[in-house]
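# Report on the structure
Here's the letter readout for the chains.
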Amino acid sequence: MSHSVAGEPPSAGRRAAPLTTAVYSAAEWDLLTDLPGRVLVAAATPGPGRPPRGVAAGLAGLDAVAAGRAFDSDLIRAVVAAIYARHDGATDRDERLTDLVDLLAAARAAVRVLRRRADPADSAAYRQWVESVAARVCRAGEAAPSPADRRFLDRLAGALDLR
């Protein structure tokens, strides 16, 4: 499976069979479905050396998440469907959403879950997709990410076992 870093799906090769989410525990599934949103929020949150983000950056992140609906990965399509079906508001988790240490730990935990439970191609596609959400937010409205954004993206890629 090949996906661009910007999160666009390949033009062909979609599988018709739905993913059975029963292979994941409730906690594992929550981790996999929460991570893209947490990454979007962390990437959009200004920090030392990171510029403030506008609405365009948030929309770019939402677009990157939504792009997962067209991926040829059953896992990604199931995660996006679960994100869109969720009605819990997730407001009780707002405080931890922007904690970078916690976010990177969650990314590493997701990688461990994917290694145990997911097809290797779905695992790789999911990890690349999550990284693409952050990349699109960090690149929204800018020619290139700031040095601090590049450090954030490198740390995230490391946590996702992409580097």
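Look above for the structure.
Residue indices follow the written sequence of each chain, beginning from 1 at its first position. Local features in a predicted model are, by the rule used here, given only for residues with pLDDT of at least 70; side-chain atom pairs are given and counted only at 80 or more, and totals for whole chains, interfaces and linings are based on all residues. The side-chain figures draw on all heavy atoms in the structure; neither hydrogens nor water molecules are used.

### A look at the overall build of the chain
When helices and strands are tallied, the chain shows seven helices and zero strands. The helix count covers DSSP runs of H or I at least four residues long, the strand count covers runs of E at least two residues long, and both are numbered beginning at the N terminus. When the helices and strands of the chain are placed in sequence order, the string is α-α-α-α-α-α-α. The criterion used for residue contact is that any of the two residues' heavy atoms lie within 4.5 Å. Long-range pairs, those at least 24 residues apart, make up 80% of the contacts in the chain between residues at least 6 apart in sequence. Counting only carbon and sulfur atoms, one obtains 57% of the accessible surface of the chain, whose full area is about 8,000 Å². Using a 1.4 Å probe, accessible areas were evaluated by the Shrake-Rupley method; residue-level cover was limited to the displayed protein chains.

### Quick word on the packing of helix α1 (residues 26-44) against helix α6 (residues 120-139)
To define axes, lines are fitted to C-alpha atoms, for helices over the stretch in contact only, and angles between the resulting N-to-C directions are given on a 0 to 180 degree scale. It is at 8 Å that the axes of α1 and α6 come closest, and there the two elements cross at 20°. By the angle between their axes, α1 is roughly parallel relative to α6. When the axes of α1 and α6 are compared, the crossing they make is right-handed. Along the contact surface, α1 presents L31, L32, L35, P36, V39, L40, A43 and A44, while α6 presents Y126, W129, V130, V133, A134, V137 and C138. Residues are grouped as follows: Ala, Val, Leu, Ile, Met, Phe, Trp, Tyr, Cys and Pro are nonpolar; Asp, Glu, Lys and Arg are charged; every other residue, Gly included, is polar. Among the residues forming the contact of α1 with α6, the class breakdown is 15 nonpolar, no polar and no charged. Oblique is the label for every angle not falling under 35 degrees (roughly parallel), over 145 degrees (roughly antiparallel), or within 65 to 115 degrees (roughly perpendicular). In this scheme the crossing of two helices becomes right-handed for a clockwise turn of the near helix relative to the far one and left-handed for an anticlockwise turn of less than a right angle.

### A word on the environment of D74
Within the secondary structure layout, D74 lies in helix α3 (residues 74-85). Spatially, the C-alpha atoms of D74 and Y126 are 9.8 Å apart, while their sequence positions differ by 52 residues.

Function cannot be read off these values alone, since they describe shape.
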